[in-house]
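# Examining the three-dimensional arrangement
Chain by chain, the residues run as shown.
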Amino acid sequence: MQAQSVEAMRSVPAVAEEVAAFLAATAPFALLPEGERHHLSTVMDQGTLAAGAVLMRPGERVEALSLVRSGALETRSPEGHLLARLAEGDAAGLRALLA
């Protein structure tokens with residue numbers, strides 16, 4: 001039997017509570033009633049990106065807002081120049097969704 005990671009062994013309700021707590025500390029989600037934040041925490045897709053992975057490319061259709069829960073995301077020009085660095089609580093894809 002293979003050992004499971006701690007992340008894989010955690011229950012879904014425990015993860016939802018952690019996400020709800022994160023949303024409570026993150027604008028604009030902090031303004032929502034607690035019940036709505038909890039609901040969001042149970043329906044949100046969660047993922048992890050490895051260092052150097054690409055979340056989205058310029059010109060691609062953006063279909064979801066991405067929140068940085070830990071670590072950082074960098075926005076780079078096609079030439080590789082750093083344009084912005086997003087940290088915990090920052091959102092990626094907001095402008096594209098509003099366009």
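Heads up: the structure comes first, above all this text.
Summary of the structure given here. The structure presented is a predicted model; accordingly, all values stated were derived computationally and were not measured.

## A few points about the pattern of salt bridges
In this structure the tally under the stated criterion is four salt bridges. One salt bridge in this structure joins Arg61 and Glu63, with 3.4 Å as the shortest N-O distance. For the residue pair Arg61 and Glu63, the accessibility class agrees, reading exposed in each case. Three or more residues joined by partner-sharing salt bridges are found here, namely Glu74, Arg76 and Arg85.

## Let's talk about the layout of surface pockets
The probe, sized like a water molecule, is rolled over the atoms to show the empty space still left. In this model, the largest pocket occupies a volume close to 1800 Å³. Lining the largest pocket are 50 residues; nearest its centre among them are Leu49, Leu55, Ser66, Leu73 and Ala92. Looking at the lining of the largest pocket, the elements with two or more residues in it are helix H2 (12–24), strand S1 (66–67), strand S2 (73–76), strand S3 (82–86), strand S4 (91–92) and helix H4 (94–98). For the lining of the largest pocket, the element with the most residues is H2, which contributes five residues. Its residues assigned to classes, the lining of the largest pocket shows 29 nonpolar, 11 polar and 10 charged.

Procedures and definitions
For every chain, the first residue of the written sequence is number 1, and numbering continues from 1 onward in sequence order. Under the rules for a predicted model, residues below a pLDDT of 70 receive no local features and side-chain atom pairs below 80 are neither given nor counted, while totals for whole chains, interfaces and linings still include all residues. As a rule here, side-chain values cover all heavy atoms of the structure and leave hydrogens and water aside. The salt bridge definition used is simple: a Lys or Arg side-chain nitrogen within 4 Å of an Asp or Glu carboxyl oxygen. Accessibility here uses a 1.4 Å probe with only protein chains present; expressed as a share of the type maximum, an area under 20% marks a residue as buried, one over 50% as exposed, and anything in between as partly exposed. Here a cavity means grid points, on a 1 Å grid over the protein atoms only, where a 1.4 Å probe fits yet cannot get out; a pocket means an open set of points with protein on both sides within 12 Å along at least five of seven lines; lining residues are those with an atom within 4 Å of a point. Grid points are joined across faces, edges and corners, and a volume is the space filled by probe spheres set on the points. Numbered from the N terminus, helices here are DSSP runs of H or I no shorter than four residues, and strands are runs of E no shorter than two. Each residue is assigned to one of three groups, with Ala, Val, Leu, Ile, Met, Phe, Trp, Tyr, Cys and Pro labelled nonpolar, Asp, Glu, Lys and Arg labelled charged, and all others, Gly among them, labelled polar.

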